[in-house]
Structures are given as structure tokens and as C-alpha cells.
Amino acid sequence: MTSPQALHVGCAAGFSGDRTDAAAPVVDALITSGQPAVLIFETLAERTLALAQLARRQDAAAGYEPLLDDLLRPVLARCLQHGVRIVGNFGAANPRGAALRIQALARELGQAAPRIAVIHGDDVSGADHHAALRDRLGPALDARPVVSANAYLGADAIAGALRAGAQIVVAGRVADPSLTVGPALAHYGWATDDWDRLARATMAGHLLECGAQVTGGYYADPGLKDVPGLARLGYPIAEIDADGHCIIGKPPATGGVVNEHTVKEQLLYEVHDPSAYLTPDVVADISDARVDEVAPDRVRLTGVRGHPRTDTLKVNVCFETGWLAEGEISYAGARADARARLAAAVLRERLRDVGPLRADLIGVASVFADDAGRWWQHPDHAGAADARDVRLRVALRHADRAQAERLAREVVALYTCGPAGGGGVRTALRPTLGTLSCLLPRAQVAARFELLD
Amino acid sequence: MTSTMDFITVPLWRAAHGRTGDKGNRSNISVIAWNARLYPLIVEQIHEAAIARQFRHRQPTRVTRHLLPNLHAMNVVLDDVLDGGVNDALNLDSHGKALSFLLLELPLRVPMALAPLLRGPESTTPEGDTP
């Protein structure tokens with residue numbers, strides 16, 4: 001008996017808003033490899049789903065990834081022709097809507113109707129789950145204008161859909177690594193309690209899930225961490241073997257770099273306890289993980305262990321919280337810093353009754369600082385008397401839109417009422433979302449797939 | 001016996017690199033040694049107390065360091081340092097994406113014998129600890 005061919009999983013998007021020209025070189029490399037291959041798209045950050053739910057309120061057919069067409073159009077026909085399967089969480093708040101759109105897109109491209117599966121069960125915002133959520137979140141849930149409530153599903157339903165012959169799997173909220181674990185489960189037929197293999201595939205998925213962050217994106221620091229071709233980064237491909245170990249690489253003739261350092265940065269990205277990386281599929285343990293460069297732009301990950309998955313699934317509940325108001329104005333030349341600070345003091349006094357005002361001096365102290373101004377008060381940062389180009393930025397939040405709007409008016413009024421020489425005012429007002437998280441027993445979340453006719 | 005002449009003090013970024021991630025109001029920052037022989041220095045000097053001091057203006061409620069010797073790396077977890085996190089913060093960088101660069105400014109004493117393993121411009125001296 002021969003062992004199954006290694007599964008190649010390419011990632012063409014790491015968040016909603018990622019580059020839409022990333023997929024084509026990945027698909028070319030997957031086809032050239034001649035191996036069983038899957039293309040994944042990860043487009044759901046914590047808050048993306050709530051934004052999608054708000055979009056669906058405006059238009060019942062919307063609510064899936066707004067860039068779905070741009071992401072898929074360049075590669076859909078080639079994937080279907082060459083047997084590269086596609087798995088994405090681009091369904092967001094409306095996976096069925098996304099699936100119907102993909103069906104139409106395939107038709108537009110002259111392709112036979114693909115077998116598309118839709119993953120259901122992540123949406124727990126309905127009446128069926130209210131009591132369970134209320135039990136766990138308590139009175140914090142009452143009187144909140146809830147926008148979305150979604151459980152993080154695992155790989156099982158994705159694997160089931162692929163085993164049933166789906167060429168494309170459209171999910172909403174699933175754990176990011178499960179986009180990779182699902183295809184590996186389906187390909188190798190691992191048991192769902194094969195913890196070590198599941199954990200290894202999970203960490204392969206973890207390396208893939210942010211797209212170019214493992215191939216030199218978000219790594220470059222000129223003179224210290226140089227990355228060739230940052231403007232045309234190749235997105236990652238994981239070659240996953242029958243034991244779940246993987247080699248991370250990228251398509252030929254693309255920019256970027258895959259080395260031990262890019263892989264280590266991404267391996268630890270958004271990890272807390274390295275011995276217990278919790279996903280719906282497994283508890284992954286990278287305490288003894290090893291990262292080795294096996295060839296240029298090829299890095300092997302080994303040493304990952306797994307422990308039994310937990311009995312619960314994480315749920316995020318998003319709700320509307322009000323408004324974030326921001327304003328900016330620039331000061332340049334002599335005493336720019338002092339004039340910007342005076343402008344901040346004026347705004348604090350004028351907006352005292354609206355709420356706490358955050359002030360930043362862009363070019364002096366705007367990133368490491370804190371809301372309470374402790375950084376500013378430290379003698380080392382008390383003044384930048386020689387700063388000649390300072391942009392004041394202020395921000396506040398308020399539940400009431402009319403109150404939040406006052407910030408913009410006060411910043412604009414600095415033109416005639418503020419310190420000398422202020423210019424370049426910009427203001428912005430946007431609705432804000434809050435999140436509550438809790439755990440639901442697995443039995444209360446029914447993950448399943450549906451094959452579209 | 002060694003004298004102070006046998007050591008140089010450099011910012012941590014000459015000995016290590018890192019990346020910040022966020023979940024809610026919690027930040028994690030990886031610190032990855034450029035070379036295995038620099039890793040013990042980092043473990044010895046970049047301890048929880050030094051990290052807590054570097055971030056004291058953000059008032060972390062807890063600082064936890066997880067060591068990964070095979071990777072010559074450690075994972076630093078800072079609780080409640082994001083001014084509320086991406087949903088609630090008023091700051092520009094609500095994810096705290098830039099915070100790895102604050103951590104990498106911590107000073108590190110390096111024996112002269114290991115100085116050739118450092119990366120980046122040699123003339124750079126550390127900025128000292130910041131509040």
C-alpha cells in the first residue's frame with residue numbers, strides 16, 4: 001500500500017481587505033505540483049462578521065465578503081478545471097448568499113455548475129440560543145443591541161463536505177486553522193481524536209491563516225530584516241504529510257521570503273500559552289516545536305503535539321456601542337509642539353462634558369502612549385521643543401451620535417479660534433461595536449453542511 | 001574576573017526580533033533570538049519585571065513569559081495593556097501592533113565575545129528604559 005500523496009494547501013487571503021491578486025501565483029504553483037491541492041481564503045477577523053451582519057440588514061442578499069468576486073474571479077475557472085478545491089470563510093454572515101454568488105460566477109466564466117457546500121450552525125444569534133447565552137453572559141447581555149452571535153466551528157463539517165465531493169466549501173465563522181484541518185482530515189482520513197496529527201495540521205493552518213505574514217509580509221525592517229519584492233509577495237503553501245508535519249513554502253518567481261525567522265514570528269502570532277493553543281479541533285502544544293530551513297524559501301515545522309479538545313466552543317457576541325469621533329490638525333515650524341499641546345488643552349476644556357478625550361501628537365508621541373496621558377506626563381516625553389512637524393489627533397467615544405459629533409465641530413473651530421498656524425483638519429465619525437465572549441457546550445451548537453443543488 | 005569593558009549594552013532588537021498579536025485587551029509579543037547563543041542572555045535579562053517596567057504606563061495587570069528553548073524564543077503575554085482593546089480603545093493603534101518595538105528597546109548586556117552575533121548597525125546605543 002502506498003501512502004497518500006502529500007496535501008498541498010495554499011492560502012490566498014489572510015483577512016478581509018487582503019490583496020486580491022495573491023491567488024493566481026498560488027494556484028499556478030498548486031497545479032504545477034501535481035499533488036492534491038486546496039486553496040483557502042481566510043477573510044474573517046473578530047469584528048468582520050458583525051460588520052457583515054449590519055450589511056445584511058441593509059440588503060438581505062449581502063452579508064458575505066464584499067471582495068468575494070475580486071478574490072475568486074481570477075482563479076475560479078482554473079481551480080475547477082484542475083481539481084484544486086476551495087475552502088473559505090468568506091460566507092461571513094451569509095454563507096448561502098456567497099455560495100449562490102459563486103454559482104453565478106462559475107456560470108459567467110463558462111464553467112459547469114460546481115458542487116458547492118455551505119457550512120451552517122455558527123450563527124447562534126437566534127431565539128434558540130438566547131437562554132444559553134444569557135446563562136453565561138448574565139445581565140451584561142440584556143439591553144445590548146446585539147448585532148451578531150457566532151460560535152467558532154471546527155473542521156468536522158468542512159471535512160464532511162469535502163468527503164461528500166464538494167469542490168468549494170463556503171463557511172461563515174470557523175476557527176481559522178480549521179480551514180486547513182478540514183481538508184487534511186478529509187484527505188488523510190485521520191480519526192477525530194488523533195490529537196497529534198490534528199494539532200500539527202492546526203499549526204500548519206495557523207502559519208497559513210494570515211497569508212503573507214509567514215512569507216515576509218509584516219516582517220520587513222530595512223537594514224535589519226530585509227525582504228525582497230515586498231510589493232509582490234508570494235502567499236504561502238503548506239505541504240502537509242500523512243503525519244500532519246508540514247513544510248511552508250511560496251510560489252516561484254514571487255517576492256517575499258520564507259525562513260526560520262518569518263516562520264517563528266507567525267508561529268507565535270496571537271498565541272498565549274504555547275502549550276495550550278485552543279481551537280475547536282484540538283489543544284495544540286508547540287512547547288517543543290522545531291523550525292528548520294530545509295531549502296531556500298522552504299521551512300519545516302515539526303515537534304507539535306496535541307491534547308484532547310475541550311468540551312466547549314467559543315462564542316463571540318457583538319453589539320452596537322455608539323460612536324467613535326476623531327479629529328486631526330497639523331502645526332509646523334517653530335514651537336509646533338507647544339501649539340499642538342495648547343490646541344489639545346483647548347479641546348479638552350471645550351469637550352469636558354462629553355467625556356474623556358484622548359490626545360496624541362503624531363510625530364512626537366502617538367502610538368506607544370496611553371489614554372490617561374501617563375506617557376505624556378513622564379519627564380522624558382514632557383516636551384519635544386524641537387519638533388517642527390506635529391499633527392494633533394484627538395478621539396472620544398459617546399453612545400449618542402449628536403454628542404460625538406461635537407468633537408468634529410470643535411476641531412474645525414480651531415481654524416479661527418485655536419493656536420496660530422493650524423492647518424489640514426480632517427475629521428471622522430464611525431459607529432462602534434463591542435464584543436462579549438463565552439463558551440457554549442458543543443452539544444448546543446449544531447455544525448452541518450448542505451450541498452447546493 | 002570580567003570587567004565592564006568585556007560587555008556592551010545594546011537595544012534588544014540587535015539580539016532578537018518579534019511580532020505583536022492581540023486578542024481583546026491582551027497583547028502577546030514574541031521575542032526571538034537572532035542566534036541560539038544569544039538566547040540565554042535574553043532569558044536572564046528580559047524578565048517579567050523588566051518588561052512590566054517598560055510597559056508601566058499601560059498598567060498591565062499581569063505579565064507572563066513563556067519560554068520556547070527549541071525556537072530560541074519567548075512569548076510575552078501582557079494583560080489589559082491595550083486601553084480596552086480594538087473595540088474600546090481610543091488610540092490610533094488599537095491592536096497594539098507597534099508594541100513589539102517598545103519591548104525591543106529594552107537594554108541588553110552582551111559579552112564582547114558574542115557581539116559578532118548581533119544584527120543591525122553597530123553604532124546604535126540603547127535608548128534606556130522608557131516609562
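In this text, all values refer to a predicted model and were calculated from it rather than measured experimentally.

(A) Highlighting the overall build of chain B. The number of helices and strands found in chain B is three helices and seven strands. What you see in chain B, going N to C, is helices and strands ordered as β-β-β-β-α-α-β-β-α-β. At 15 Å, chain B has a C-alpha radius of gyration in line with the 14 Å of a compact globule built from 131 residues. Dimensions of chain B along its principal axes, counting C-alpha atoms only, are 50 × 30 × 25 Å.

(B) Structural context of the nonpolar core. The biggest cluster of nonpolar side chains holds 183 residues, and the ones touching the most others in it are A:L39, A:I119, A:I158, A:V169, A:V170 and B:A15. At 10 residues, strand β14 (residues 312-332) of chain A tops the list of elements feeding residues into this core. Here this core spans two domains, and each of domain 1 (7-141 + 148-310) and domain 2 (318-436) of chain A adds at least three residues to it. Setting aside anything within four residues of it in sequence, one finds A:I119 in contact with A:P95, A:L153, A:A157, A:I158, A:A161, A:V169, A:V170, A:A171, A:G172, A:V174, A:A447 and A:F449.

(C) Region of the structure containing the sheet that holds strand β4 (residues 116-120) of chain A. Residues and elements named next belong to chain A. Strand order in the open sheet formed by 10 strands is β11-β12-β8-β7-β1-β2-β3-β6-β4-β18, with mixed pairing between adjacent strands. The two strands at the open ends of the sheet, each matched to only one other strand, are β11 (290-295) and β18 (448-451). Taken over all neighbouring pairs, the strand axes of this sheet differ in orientation by 25 degrees on average, direction set aside. Sheet analysis places β4 next to β18, joined by four bridges and oriented antiparallel. Within the sheet, the bridge partner assigned to I119 lies in β18 and is F449. Of the strands in this sheet, β1 (7-13), β2 (37-41) and β7 (237-240) are in contact with helix α1 (residues 23-33), which crosses β1 at around 170 degrees. Across the face of the sheet, helix α5 (residues 95-108) comes into contact with β4 and β6 (168-170) while running at roughly 170 degrees to β4.

(D) View of the environment of A:A184. All names here are of chain A. Considering the arrangement of structural elements, one finds A184 in helix α8 (residues 178-188). Taking the number of C-beta atoms within 10 Å as the measure of exposure, A184 has 29 and is therefore buried. Residues A184 and A159 lie 25 residues apart in sequence; the distance between their C-alpha atoms is 7.8 Å. Apart from the residues within four sequence positions on either side, A184 is in contact with L7, A201, I240 and G244.

(E) Spatial organisation of the interface of chain A and chain B. Each partner contributes residues to the interface: chain A has 39 residues there, and chain B has 29 residues. Elements with a minimum of two residues in the side of chain A that touches chain B: α10 (260-267), β11, β15 (358-362), α12 (374-377), β16 (389-398) and β17 (423-441) of chain A. Tallied by class, residues from the side of chain A that touches chain B come to 14 nonpolar, 10 polar and 15 charged.

(F) Representation of the packing of helix α7 (residues 156-163) of chain A against α8(A) in the model. All names here are of chain A. Put simply, α7 and α8 touch, their axes get as near as 8 Å, and they point 45 degrees apart. Taken together, the axis directions place α7 and α8 in an arrangement best described as oblique. Crossing handedness for the pair α7 and α8: right-handed. On α8, the residues touching I158, A159, L162 and R163 of α7 are S178, G182, P183, L185 and A186. Across the contact of α7 with α8, the residue classes break down as six nonpolar, two polar and one charged.

(G) Molecular detail of unusual backbone geometry. The phi dihedral of A:A143 falls on the positive side, at around 65 degrees, and the residue is not glycine. Structurally, the position occupied by A:A143 is in the loop between α6 (127-137) and β5 (146-151). Classification of A:A143 as exposed rests on a count of 7 C-beta atoms within 10 Å. Positive phi, close to 65 degrees, is recorded for B:D80, a residue that is not glycine. Mapping B:D80 onto the fold places it in the loop between β6 (73-79) and α3 (99-103).

(H) Layout of α7(A). When you tally the buried positions in α7(A), you get six out of eight residues, the bulk of the element. When α7(A) is considered as a whole, its buried residues turn out to be A:D156, A:A157, A:I158, A:A159, A:A161 and A:L162.

(I) Looking closely at the pairing of strand β7 (residues 107-111) of chain B. Residues and elements named next belong to chain B. Residues L108 and V110 line the buried face of β7, whereas the alternating positions P107, R109 and P111 sit on a face that is not buried. Bridging between strand β1 (residues 7-11) and β7 involves five bridges; their strand directions are antiparallel. The residue bridging P11 from the neighbouring strand is P107, located in β7.

Criteria and cut-off values
- Residues numbered from 1 in each chain as written.
- Chains lettered and ligands numbered in written order.
- Predicted model: local features only at pLDDT ≥ 70, side-chain atom pairs only at ≥ 80, totals over all residues.
- Helix = DSSP H or I, 4+ residues; strand = E, 2+ residues; numbered from the N terminus.
- Rg over C-alpha atoms; globule rule 2.2 N^0.38 Å.
- Core = buried A, V, L, I, M, F, W, Y, C linked by C-beta atoms within 7 Å.
- Buried ≥ 20, exposed ≤ 12 C-beta atoms within 10 Å, placed from the backbone.
- Domains from an automatic or database assignment.
- Contact = placed C-beta atoms within 7 Å.
- Pairing = 2+ DSSP bridges.
- Axes fitted to C-alpha atoms, helices over the stretch in contact; angles between N-to-C directions.
- Nonpolar A, V, L, I, M, F, W, Y, C, P; charged D, E, K, R; others polar.
- Parallel < 35°, antiparallel > 145°, perpendicular 65-115°, else oblique.
- Left-handed = near helix turned anticlockwise from the far one by under 90°.

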